[in-house]
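# Descriptive analysis of the structure
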Amino acid sequence: MHTANFHPLDVEAIRQDFPIFAGEQPLAFLDSAASAQTPQPVVAAMDTYYDTYRSNIHRGVYRISEEATAQYERAREKVAKLINAPNARQIVFTRNTTEAINLVAYSWGSATIGKDDEIVLTVMEHHSNLVPWQILAQRTGATLRFVEITDEGLLNFAHLRELLTEKTKLVAVTHVSNVLGTVNPLQSIIDAAHAVGAKVVVDAAQSVPHFRVDVQQLNCDFLAFSGHKMCGPTGIGVLYGKLPLLEEMPPFLGGGSMIRTVERDVSTYADVPAKFEAGTPSIAEAIGLGHAADYITQAGLEAIHVHTQQLLQHAHHRLKETQGITLYGPEPHQKAGVLSFNVAGIHPHDIAGILDMHGIAIRAGHHCAQPLMQKLDVIATARASFYLYNTLEDVERLYDGLRKAQKLMHRRSHSR
Ligand code: C6P
């Protein structure tokens, strides 16, 4: 995370790109970690596809199909540039992070993992980076091991070291926890995993939208993220992989577009990435994702990070000073984007419901991280998350809304 040489965000100008924030009492949208809003230039790029060159790709011999193919492949180049992938062929378009991780688990995992092997995960994984490995372990007899977290909500690195042995074939780890916000020490994790010969899958769903992620510098083997959390549309995600690994891996899904030749009993497969993109892909969504990559790059990833850190810090201090609020996760400088909390005596769903009445959108629930909820000994948390279009006023509205919720619940409990 480099923060030098950046231009601060012009948040007012950015908000003009998001019609959802128009109006006198605009929505305080504090749920971008679930799905971010989509700016007009991204929507316009998809509209242009539908309005002027909508057609299938990689098969047409007419002008608009060639245009669609060119724009789809251009999007792949933009995404490669965003994460500094050496070659656009290393970018496989999927539906989302979940599908990208499943692709690795089914394709690389089935071909590589055996019954004596171990897969190291952490207790802070989203179900997307847990259930695919459970299924693989059940199929192969491999063992899952879990790195614990410290009381502050940081990854217990000493425990990771203990778990890494010559049996470890894979470390699958989230870059940023979607509950705690913890930014994991990815470089050290990858180096330690490689030292025992293990491959590393990075769940970057919560990091790529927020700061610069450089796959060459990290030297990760696979990295997955979703378009919809980085100002892109839903229905498009990315798997980055090292080229020799992608080339060796068997296909995940079979069908059109992923073949070279097909005979009755046998087929040969296309080169990567086509080998992993069976059927008609999400064409408009890929084009939208390319424009979303442009959008956040032009805004400046450093600037986005600095801005969201300011909001996170402000929210952290506001909520910390409020009686009856418990915060989860480490100190703000050790996390990114999200702030999870509970309010004594109020279920997180009720908190979200009351805030919604005041035009404030947050998430409440287990956040698809049930093992982490068990570790924290809670059934659910409330969670506010911040992105480039949020303001300090949004944070103040969250704080006021929580105070109102506390007063409301206090009155109710006293009137019984
Ligand atoms: N987390 C949240 O509100 P998909 O659904 O495939 O686009 O992303 C899955 C995913 C994987 N890893 C992490 C760290 C995530 O945060 C998510 C999505 C959302 O926290 C929806 S549960």
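Throughout what follows, the structure given in this document is the object of discussion. (Residues numbered from 1 in each chain as written. Predicted model: local features only at pLDDT ≥ 70, side-chain atom pairs only at ≥ 80, totals over all residues. Heavy atoms only, no water.)

This paragraph deals with the overall build of the chain. Across its full length, the chain carries 14 helices and 15 strands. The C-alpha radius of gyration of the chain comes to 22 Å, within 12% of the 22 Å expected for a compact globule of 416 residues. On the principal axes, the C-alpha backbone points of the chain span a range of 75 × 55 × 45 Å. Looking at the chain as a whole, 54% of its 416 residues qualify as buried. Sequence-distant contacts in the chain: of pairs separated by 6 or more residues, those separated by 24 or more amount to 71%. Accessible area for the chain stands at about 17,900 Å²; split by element, carbon and sulfur atoms hold 49% of it. (Helix = DSSP H or I, 4+ residues; strand = E, 2+ residues; numbered from the N terminus. Rg over C-alpha atoms; globule rule 2.2 N^0.38 Å. Buried < 20%, exposed > 50% of the residue type's maximum accessible area, 1.4 Å probe, protein only. Contact = heavy atoms within 4.5 Å. Areas by Shrake-Rupley, 256 points an atom, 1.4 Å probe, with all protein chains shown as cover.)

We now examine helix α2 (residues 40–53). In this model α2 runs 19 Å from its N-terminal to its C-terminal C-alpha over 14 residues, within 8% of the 20 Å that 1.5 Å per residue would give. Restricting attention to buried positions, one finds in α2 the residues Val-42, Ala-45, Met-46, Tyr-49 and Tyr-53. The buried side chains of α2 occupy one side of the element, clustering within an arc of 95° when seen end-on. For α2, the elements touching its buried residues are α3 (63–82) and α10 (283–299). (Expected span 1.5 Å × (residues − 1). Arc of directions from axis to C-beta.)

Time to look at the side chain of Asp-221. With respect to the helices and strands, Asp-221 occurs in the loop between α8 (215–218) and β7 (222–226). Residue class for Asp-221 comes out buried when judged on its relative accessible area of 3%. A polar contact of 2.8 Å, which involves the side chain of Asp-221, links it to the side chain of His-194. With residues up to four places along the chain from it excluded, the contact list for Asp-221 reads His-194, Ala-198, Lys-199, Val-200, Tyr-240, Gly-241, Lys-242 and Leu-245. (Polar contact = N/O pair within 3.5 Å; in protein donor to acceptor, adjacent residues only side chain to side chain.)

Between two packed helices, both the angle of their axes relative to each other and the distance between the axes serve to describe the pair. Packing of α3 against α10 brings their axes to within 8 Å, and their N-to-C directions diverge by 35°. As for how α3 packs across α10, the hand of that crossing is left-handed. Here Gln-71, Tyr-72, Ala-75, Lys-78, Val-79 and Leu-82 of α3 lie close against α10, whose contacting residues are Ile-283, Ala-286, Ile-287, Leu-289, Gly-290, His-291, Ala-293, Asp-294, Ile-296 and Thr-297. Among the residues forming the contact of α3 with α10, the class breakdown is ten nonpolar, four polar and two charged. (Axes fitted to C-alpha atoms, helices over the stretch in contact; angles between N-to-C directions. Left-handed = near helix turned anticlockwise from the far one by under 90°. Nonpolar A, V, L, I, M, F, W, Y, C, P; charged D, E, K, R; others polar.)

Okay, the nonpolar core next. One broad rule of soluble globular proteins: the nonpolar side chains tend to lie buried together. Ranked by internal contacts, the top residues of the largest apolar core, which has 82 residues, are Ile-83, Phe-93, Leu-223 and Met-230. Sorting elements by how many residues they give to this core places α10 first, with nine residues. Residues in contact with Met-230, not counting those within four places in the same chain, are Ala-36, Leu-82, Val-208, Pro-209, Phe-225, Leu-289, Ala-292, Ala-293, Ile-296 and Tyr-387. If you look at the next biggest cluster of nonpolar residues, it comprises 28 residues, including Val-92, Ile-113, Ile-119 and Ala-172. (Core = buried A, V, L, I, M, F, W, Y, C linked by side-chain atoms within 4.5 Å.)

Scanning the entire structure with this criterion turns up 18 salt bridges. Between Asp-394 and Arg-15 there is a salt bridge, with its nearest N and O atoms 3.9 Å apart. One end of the pair, Asp-394, is in helix α14 (residues 392–415); the other, Arg-15, is in helix α1 (residues 11–16), and 379 residues separate them in sequence. A relative accessible area of 3% means that Asp-394 is categorised as buried. Measuring nitrogen to oxygen at the nearest pair gives 2.9 Å for the salt bridge that ties Glu-396 to Arg-318. Of the two residues, Glu-396 is situated in helix α14 and Arg-318 in helix α11 (residues 301–320); the sequence distance between them amounts to 78 residues. (Salt bridge = Lys/Arg side-chain N within 4 Å of Asp/Glu carboxyl O.)

Whether parallel or antiparallel, the strands of a sheet pair through hydrogen bonds between backbone atoms. One open sheet holds the four strands; their spatial order is β11-β12-β15-β14, and the pairing between them is antiparallel. Taken across any chain shown, the strands that pair with only one partner, and hence form the sheet edges, are β11 (325–328) and β14 (363–365). Averaged over all pairs of adjacent strands, the angle between their axes in this sheet comes to 30°, without regard to strand direction. In terms of strand pairing, strand β12 (residues 338–343) meets strand β15 (residues 381–385) through four bridges, oriented antiparallel. (Pairing = 2+ DSSP bridges.)

On to the environment of Ala-36, then. Its place among the elements puts Ala-36 in the loop between β1 (28–29) and α2. Spatially, the C-alpha atom of Ala-36 lies 7.8 Å from that of Tyr-387, the residues being 351 residues apart in sequence. In this structure, Ala-36 is in contact with Phe-29, His-228, Lys-229, Met-230, Cys-231, Tyr-387 and Tyr-389, ignoring residues within four places of it in sequence.

Right, let's talk about the packing of aromatic side chains for a bit. A complete count under the given rule lists ten aromatic pairs for this structure. Relative to Tyr-295, the ring of Phe-18 has its centre 6.1 Å away and its plane inclined at 80°; by these criteria the two rings are edge-to-face. Linking Phe-18 in the loop between α1 and β1 with Tyr-295 in helix α10, this pair joins segments that are 277 residues apart in sequence. By relative accessible area, which is 1% here, Phe-18 ends up buried. Consider the rings of Phe-21 and Tyr-389, whose centres lie 5.0 Å apart with planes at 50°: the pair is tilted. One end of the pair, Phe-21, is in the loop between α1 and β1; the other, Tyr-389, is in the loop between β15 and α14, and 368 residues separate them in sequence. (Phe/Tyr/Trp six-rings, centres within 6.5 Å; stacked < 30°, edge-to-face > 60°.)

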